[in-house]
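Residues per chain, in single letters:
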Amino acid sequence: MSRLVIVSNRVADPRKPAAGGLAVALGESMKKTGALWFGWSGKIVETAAGGVPGEGELHTQKAGNVTLVTVDLCRQDHDAYYLGYSNDVLWPVFHYRLDLGNYEPGFAAGYRRVNELFARKLLPLLKPDDTIWVHDYHLIPLAARLRALGCTNRIGFFLHIPMPPPLIMAAIPQQDWLMRTLFDYDLVGFQSEADLLNFSHYVQSEAQAEVLPDGRYRAFNRTLQAGAFPIGIDVDEFARMADTREGRQMFQRMRKEYSRRQLLVGVDRLDYSKGLPQRIRAFRELLVRYPENLNSATLIQIASPSREDVDAYADIRDEMANLCGAINGDFGELDWMPIRYIHRTVARKRLPGLYRASRVGLVTPLRDGMNLVAKEFIAAQDPADPGVLVLSRFAGAAEQLKEALLVNPYDIERTAQAIQQALQMPLDERRNRHQALLRRIKEQDVHWWCETFLATLQNLEPRAPQCNRVACRVKPMLV
Ligand code: ADQ
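Residues numbered from 1 in each chain as written. Predicted model: local features only at pLDDT ≥ 70, side-chain atom pairs only at ≥ 80, totals over all residues. Heavy atoms only, no water.

**Some points on the site of the ligand**
Part 1: Around the ligand, a shell composed of 22 residues is seen, among which His-160, Lys-274, Asp-368, Leu-372 and Glu-376 lie nearest.
Part 2: Taking Asn-371, its main chain carries an N or O atom lying 2.9 Å from an oxygen atom of the ligand.
Part 3: Its free accessible area being 720 Å², the ligand has 86% of it covered by the protein chains.
Part 4: Grouping the amino acids of the shell around the ligand by side-chain chemistry returns 10 nonpolar, six polar and six charged.
Part 5: Domain assignment of the residues forming the shell around the ligand places at least three in each of domain 1 (4-232 + 446-473) and domain 2 (235-443). (Near = heavy atom within 4 Å. Polar contact = N/O pair within 3.5 Å; in protein donor to acceptor, adjacent residues only side chain to side chain. Areas by Shrake-Rupley, 256 points an atom, 1.4 Å probe, with all protein chains shown as cover. Nonpolar A, V, L, I, M, F, W, Y, C, P; charged D, E, K, R; others polar. Domains from an automatic or database assignment.)

Put into structure tokens, the structure is as follows:
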């Protein structure tokens, strides 16, 4: 089996359990074949006098048989590539929030520069039969830059966030260029069938792509395979974490503390895509419409700080503090506060106990690629007495998790009704729903995700060297 090369905006030591996210997801595959993981170091070096972007320094570190290689970014590149085009343009638009985009002209050039820098630094580290797997929206044009430099390796791309419909994509400055660069991948993976369908419409309507009889797409003289590969969690690892001394202690503490209450939980990054203000309003509506929950229902909402240097995130932080404060002020008693709002990251090992002690899990994003919290909540439940998941139909996870109570998070009244239904649900129904959900997240766990994507990529015909020449010919359009 060929060596795996992972490229993502940030890298993490896969041996550290706290690393979470991609590190957990890819850990096993990386350990199996040995791997190289390439990304930004997180370090910003000040731009040299005169404002000319500097050349990033490389750092190499061994983590078992995984080599982590990172590159520094200069301030100007970081601001345009990371804060600008990635998080102020692509993130809002891909989450259907055209209104929150900041379409400054200089951003796209910085995004191109950093992708070019990544390609130049990575190329000398590659072996001819390496399989390259690029992750997420920060690095869409990376394959195009690698191909232009002569790389013929198999390259796959996975989009962790939603793929919006064509007319929303059309709002992205230079979207035609961005789409064209996707065709330099051999395989492009999405979280859901809905995302894949949007992609299919997009490339057919905007690039006149032809759909070949085997389902692949042909445009710009290149052929691309696309598919839905819903990301999962490591269900067994999560169950093990719940069963550690710390996991059990957390569960018992929460059960004791809330023995006379019905606990509801939300765990999110504080991001406008997660639907947090709408969720808090639905909880308020629950207290108004169903007063039997007064003095009983308690929502623990953890919202970890995220991208605080992007303006839209400061607004949502203030809105959340106001909404939660108002509910506690209006409804709270000396011995009961309806909401415990925690604006901090909680240690990963504490999550399973918290989920398990909760009667209801609230996962109500306005738009989400997948949402792993939904799956973690299911994995942590006691099958004999499980809690109920209230899930937004706009999370990628809703395609798989049909036995959750699916809600439209914009509809505050109906969401409150669904929360009440979850709080009142009889044990038999809770067990049946949980059993079906648990089966689904076990069948398509993170190992299934990783293996299925890589097997699909590795089964594709290797790219013929002449494709390179095509890439070289189009080079002037890409710089
Ligand atoms: P996120 O939007 O970050 O990622 P989400 O799937 O909600 O993704 O959560 C990622 C992880 O972070 C989970 O393991 C969760 O437990 C942890 N986490 C979240 N909030 C936390 C908090 N407040 N404290 C501690 N831990 C917290 C992107 C996409 C998602 C997609 C993932 C994976 O936006 O749609 O599901 O990637 O592809």
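**Some details on the domain arrangement of the protein**
Many analyses report the size of an interface as the accessible area lost when the parts associate.
Part 1: Domain annotation of the protein identifies domain 1 (4-232 + 446-473) and domain 2 (235-443).
Part 2: Across the domain 1-domain 2 interface, the total number found is zero salt bridges.
Part 3: If you look at where domain 1 meets domain 2, you find five residue pairs in polar contact (both at pLDDT 80 or more).
Part 4: Residue assignment for the side of domain 1 that touches domain 2 shows that the elements contributing at least two residues are helix H2 (75-94) and helix H7 (193-207).
Part 5: By residue number, the principal contributor to the side of domain 1 that touches domain 2 is H2, which donates six residues.
Part 6: Within the side of domain 1 that touches domain 2, the residues separate by chemical class into 14 nonpolar, seven polar and four charged. (Salt bridge = Lys/Arg side-chain N within 4 Å of Asp/Glu carboxyl O. Helix = DSSP H or I, 4+ residues; strand = E, 2+ residues; numbered from the N terminus.)

**Overview of the side chain of Thr-298**
Part 1: Of note, Thr-298 is situated in strand S12 (residues 297-304).
Part 2: Residue classification places Thr-298 among the buried positions, given a relative accessible area of 2%.
Part 3: Within polar-contact distance, the side chain of Thr-298 engages the side chain of Trp-336 at 3.2 Å. (Buried < 20%, exposed > 50% of the residue type's maximum accessible area, 1.4 Å probe, protein only.)

**Structural notes on the sheet that holds strand S13 (residues 339-342)**
Part 1: The strand order across the open sheet built from six strands is S13-S12-S11-S14-S15-S16, with neighbouring strands paired in parallel fashion. Unpaired on one side and paired on the other, S13 and strand S16 (405-407) mark the two borders of the sheet. On average, adjacent strands in this sheet sit at an angle of 15° to one another, irrespective of strand direction.
Part 2: Examined bridge by bridge, strand S11 (residues 262-269) and S12 share eight bridges and lie parallel to one another. Within S12, the position partnered with Leu-264 by the bridge is Leu-299. (Pairing = 2+ DSSP bridges. Axes fitted to C-alpha atoms, helices over the stretch in contact; angles between N-to-C directions.)

**With respect to the sheet that holds strand S3 (residues 58-63)**
Part 1: Reading across from one edge, S3-S4-S2-S1-S5-S6-S7-S10-S9-S8 is the order of the 10 strands in this open sheet, with mixed pairing throughout. Both edges of this open sheet fall to S3 and strand S8 (210-211), since each of them pairs with a single strand only.
Part 2: The pairing of strand S2 (residues 35-45) with strand S4 (residues 66-74) spans eight bridges and is classified as parallel. Along S4, the bridge assignment pairs Leu-36 with Thr-67.

**A short note on helix H14 (residues 412-424)**
Part 1: Given a rise of 1.5 Å per residue, 13 residues ought to cover 18 Å, and the 18 Å separating the end C-alpha atoms of H14 matches this to within 8%.
Part 2: Of all the residues in H14, the buried ones are Thr-415, Ala-416, Ala-418, Ile-419, Gln-420, Ala-422 and Leu-423.
Part 3: Among the structural elements, S11, helix H10 (276-289), strand S14 (360-363), strand S15 (388-392) and S16 are those in contact with the buried residues of H14. (Expected span 1.5 Å × (residues − 1). Contact = heavy atoms within 4.5 Å.)

**As for the packing of aromatic side chains**
Part 1: Under the definition given, this model contains 19 aromatic pairs.
Part 2: Ring geometry for Trp-91 versus Tyr-137: centroids 5.7 Å apart, planes at 50°, classification tilted. Of this pair, Trp-91 sits in helix H2 while Tyr-137 sits in the loop between strand S5 (131-135) and helix H4 (142-148), and the two are 46 residues apart along the sequence. Accessibility assignment for this pair places Trp-91 and Tyr-137 in one class, buried.
Part 3: Between Tyr-111 and Trp-177 the ring centres are 6.3 Å apart and the planes differ by 85°, which places this aromatic pair in the edge-to-face class. Highlighted residues: Tyr-111 in helix H3 (residues 106-122) and Trp-177 in helix H6 (residues 175-182), separated in sequence by 66 residues.
Part 4: Aromatic ring contacts, followed pair by pair, group Trp-133, Phe-158, Phe-229, Trp-449 and Phe-453 into a single cluster.
Part 5: Arg-356 extends its terminal NZ or CZ atom over the ring of Phe-251, reaching a point 5.9 Å from the ring centre.
Part 6: The ring of Tyr-96 is capped by Arg-367, whose NZ or CZ atom sits 3.7 Å from the centre of that ring. (Phe/Tyr/Trp six-rings, centres within 6.5 Å; stacked < 30°, edge-to-face > 60°. Lys NZ or Arg CZ within 6 Å of the ring centre and 35° of its normal.)

**A word on the nonpolar core**
Part 1: Counting 98 residues, the largest nonpolar core has Val-7 and Tyr-185 as its most contacted members.
Part 2: Looking at this core, you find at least three residues from each of domain 1 (4-232 + 446-473) and domain 2 (235-443).
Part 3: Every residue in contact with Val-7, bar those within four places of it in the chain, is listed here: Phe-38, Phe-118, Leu-122, Ile-132, Trp-133, Val-134, His-135, Leu-139 and Leu-142.
Part 4: Counting residues in hydrophobic clusters, the runner-up holds 58 residues, among them Ala-35, Trp-133, Met-250 and Val-363. (Core = buried A, V, L, I, M, F, W, Y, C linked by side-chain atoms within 4.5 Å.)

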